[in-house]
Amino acid sequence: MAADADDSKYFVREIEKNDGCALKVRQCYLGDVGCVVWDAAIVLAKYLETEQFYDPSKRVNVWAGRSVVELGAGTGVVGLMAATLGGEDVSEFFPPPHYILMADCIYYEKSIVPLVESLKLLSGPETCIICCYEQRTEGVNPKVERRFFELLKQHFSCEEIPSDKQDPEFSSPDIHILHIRRKV
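Calculation criteria
Residues numbered from 1 in each chain as written. Predicted model: local features only at pLDDT ≥ 70, side-chain atom pairs only at ≥ 80, totals over all residues. Heavy atoms only, no water. Pairing = 2+ DSSP bridges. Helix = DSSP H or I, 4+ residues; strand = E, 2+ residues; numbered from the N terminus. Buried < 20%, exposed > 50% of the residue type's maximum accessible area, 1.4 Å probe, protein only. Contact = heavy atoms within 4.5 Å. Axes fitted to C-alpha atoms, helices over the stretch in contact; angles between N-to-C directions. Arc of directions from axis to C-beta.

The name given to the protein in an unreviewed UniProt entry is Valosin containing protein lysine (K) methyltransferase, with Seriola dumerili as the source organism.

Pasting the structure below:
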């Protein structure tokens, strides 16, 4: 396929990292959910670089040597960001991963039960699930969110991350970041 034919289907979505490098992801002009770099994915990717997780000047790198699983997020940009911050081969992620990253996974009604079941199966007592989602107020979305959190809170506790702990430029009042852990 000629390069110009590809250019008509894709454009590059660039996410600048704090070190000056950039993640470049080819996003489809047209397509379904897996073809898009969602806003919540960008907010979560930039949250992974906040100083509580990653600050080379203070020798802070929570991601080095950690196993990370990404669930959802369209093109996978959150997992790509995590890999650039600490990533060695983590093809074997059992015992349970240190982190599970989820971006914009709470909107398909039929996926709510399997999503919570996946979190139960993948996580261990030390796993931190970082969930970032855009709160949607139209249609069935509020009902889906309520159902997700009803199911989730049976087995997990949730802590919402305040905006002052997020990336100052890449945050939004309708995009929420949660730390989720298994109840003991």
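Asks: What is the right way to read the pairing of strand β1 (residues 10-16) from this model?
Replies: For a regular strand, side-chain orientation follows a simple rule: the groups alternate between the two sheet faces. Two strands pair when backbone bridges link them, and β1 and strand β2 (residues 22-28) are joined in this way by seven bridges, in the antiparallel orientation. If you follow I15 over to β2, its bridge partner there is L23. Counted between consecutive antiparallel strands, the loop separating β1 from β2 contains five residues, among which G20 sits at a positive phi close to 95°.

Asks: Help me out: how do you make sense of helix α2 (residues 39-47) in this one?
Replies: The α-helix winds at 3.6 residues per turn, so residues separated by three or four positions along the chain end up facing the same way. Taking burial as the measure, the nine residues of α2 include eight buried ones, the bulk of the element. A40, A41, I42, V43, L44, A45, K46 and Y47 are the residues of α2 that are buried.

Asks: Mind showing me how you'd approach the environment of V116 here?
Replies: With respect to the secondary-structure elements, V116 resides in helix α4 (residues 112-122). A relative accessible area of 3% means that V116 is categorised as buried. With residues near it in sequence (within four places) discarded, V116 still touches F148, L151 and L152.

Asks: Teacher, can you tell me more about the sheet that holds strand β5 (residues 68-72) here?
Replies: In a beta sheet, neighbouring strands are held together by backbone hydrogen bonds and run either parallel or antiparallel to one another. Taking strand neighbours across the sheet as the criterion, the five strands line up as β5-β6-β7-β9-β8 in an open arrangement whose pairing is mixed. If you trace the sheet from one side to the other, it starts and ends with β5 and β8 (156-160), each paired once. On average, each strand axis in the sheet is inclined to that of its neighbour by 20°, with strand direction left out of account. Pairing geometry for strand β6 (residues 99-103) and strand β7 (residues 128-134), over five bridges, is parallel. Note that in β7 the partner of Y99 across the bridge is C128. Contacting β6, β7 and β9 (175-182), α2 runs over the sheet at an angle of about 140° to β7.

Asks: What exactly am I supposed to notice about α4 here?
Replies: Listing the buried residues of α4 in full gives I112, L115, V116, L119 and L122. The arc that holds every buried residue of α4, seen down its axis, measures 135°, which confines them to one face. Elements in contact with the buried residues of α4: β5, β6, β7, α5 (141-152), β8 and β9.

Asks: Help me out: how do you make sense of unusual backbone geometry in this one?
Replies: You will see that R59, though not glycine, has its phi angle at about 60°, which is positive. With respect to the helices and strands, the residue R59 is situated in the loop between β3 (54-55) and β4 (60-61). A residue is classified by how much of its surface remains accessible, and R59, at 80% relative accessible area, is exposed. Of note in the backbone geometry, D104 takes a positive phi value of approximately 50° without being a glycine. Secondary-structure assignment places D104 in the loop between β6 and α4. D104 sits in the buried class, given a relative accessible area of 4%.

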